[in-house]
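If you want the building blocks of each chain, they are given just below.
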Amino acid sequence: MPTNQLQRMLFAFLTVVITVHAYVFYSLYVVNGNTLMQVTGEASVLQAIHAQGGVYMLGRMMPIWAVVLIEFCLAYSLEIFVGSPSSFKLACKVFNPKKDHPMLFETAIICATVGIMCPAMSFLAAFLYYPYYEGFHVLTLLANWLKLVCFNFPFAFFTQLFFIQPAVRTLFKTLMSFAAKFSRKSSPAAQE
């Protein structure tokens, strides 16, 4: 697993790339898909998004790629500066990484990360997807935030624990193994 800051940033990058795409798909297709199709009269969610001119974000319609890019930048920054360091500290309060089984410690980190990132990203999403055309009200923002946490937390917990983190760990190990082989082949001592 990551042993230095560059590796931690790569690990977070891989995690956020997969997670943001999963959440955009989940939000558009699973949570809001039927509503989008009913409002536009289209037969598929993707056609409905195109028919309405994109995805409503920040008070206007934006293409899906812009939604993914904005969410990626916010999620990656939050993961690097808050999620990853805080989840490691929380996991260390419950488990000792030197004494306890690595699987228990990694599971504790995943659970702590979800517990931090899900409410934080849901709060950011409440701002991003707020219905600004109705005017702004703090209680509406808080109600939207609570609704998003309720929708996102079960999805976040189960996908991170059983799909995304195992996939990211496998991909990370493969990349590190490849990098180690490449650095051995390209080092001057290996060429002599």
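For the structure, see preceding data.
Residue numbers here run from 1 along each chain, matching the order of that chain's written sequence. pLDDT decides what is reported in this predicted model: residues at 70 or higher carry local features, side-chain atom pairs at 80 or more are listed and counted, and totals for whole chains, interfaces and linings draw on all residues regardless. Computation of side-chain values covers all heavy atoms of the structure but excludes hydrogens and water.

This part covers the packing of helix H4 (residues 64-94) against helix H5 (residues 102-128). To define axes, lines are fitted to C-alpha atoms, for helices over the stretch in contact only, and angles between the resulting N-to-C directions are given on a 0 to 180 degree scale. Helix numbers and strand numbers start at the N terminus; a helix is a DSSP run of H or I with at least 4 residues, a strand a run of E with at least 2. Contact geometry of H4 with H5 gives a least axis separation of 8 Å together with a crossing angle of 145°. Like other packed secondary-structure pairs, H4 and H5 cross with a definite hand, here right-handed. Note on convention: the crossing is left-handed when the near helix lies turned anticlockwise from the far helix by less than a right angle, right-handed when the turn is clockwise.

With respect to the helices and strands, Phe151 occurs in helix H6 (residues 138-186). A 1.4 Å probe rolled over the protein chains alone gives each residue an accessible area, and that area as a share of the maximum for its type sets the label: buried under 20%, exposed over 50%, partly exposed in between. By relative accessible area, Phe151 is classed as partly exposed at 35%. Taking C-alpha positions, Phe151 is 8.9 Å from Ser27, a pair spaced 124 residues apart along the chain. Setting aside its immediate chain neighbours within four residues, Phe151 contacts Tyr26 and Val31. Whether two residues are in contact is decided by their heavy atoms, any of which lying within 4.5 Å being enough.

Glancing now at the side chain of Glu71. When you line up the elements, Glu71 lands in helix H4. Under the convention used here, Asp and Glu are negative, Lys and Arg are positive, and both His and the chain ends fall outside the count. Note on definitions: salt bridges are taken to be side-chain nitrogens of Lys or Arg within 4 Å of carboxyl oxygens of Asp or Glu. At 14 Å, Lys147 is the nearest oppositely charged side chain to Glu71, a buried residue that forms no salt bridge. Residue contacts for Glu71: discarding those within four places in its chain leaves Val20, Val24, Met57, Met121, Leu128 and Tyr129.

Two distance rules govern patches: like charges are joined within 9 Å, and nonpolar side chains (Val, Leu, Ile, Met, Phe, Trp, Tyr) within 5 Å, applied only to residues with over 30% relative accessible area and no salt bridge. Computed by Shrake-Rupley with a 1.4 Å probe, the accessible areas treat only the displayed protein chains as cover when residues are assessed. Taken together, the side chains of Phe127, Tyr132, Phe136, Val138, Leu139 and Leu142 define a hydrophobic patch exposed on the protein surface, amounting to about 550 Å² of accessible area. Among the elements that take part in the nonpolar patch, H6 stands out by supplying three residues, more than any other. Within the secondary structure layout, Phe127 lies in helix H5.

By definition, disulfides here are pairs of cysteine sulfur atoms that lie within 2.5 Å. One pass over the full model with this rule turns up zero disulfides. Here Cys111 stays free of any disulfide, with the sulfur of Cys118 as its closest cysteine sulfur at 13 Å. Under the relative-accessibility criterion, Cys111 is labelled partly exposed at 30%.

Note that every value here comes from positions in space, so none of it alone points to a role or purpose.
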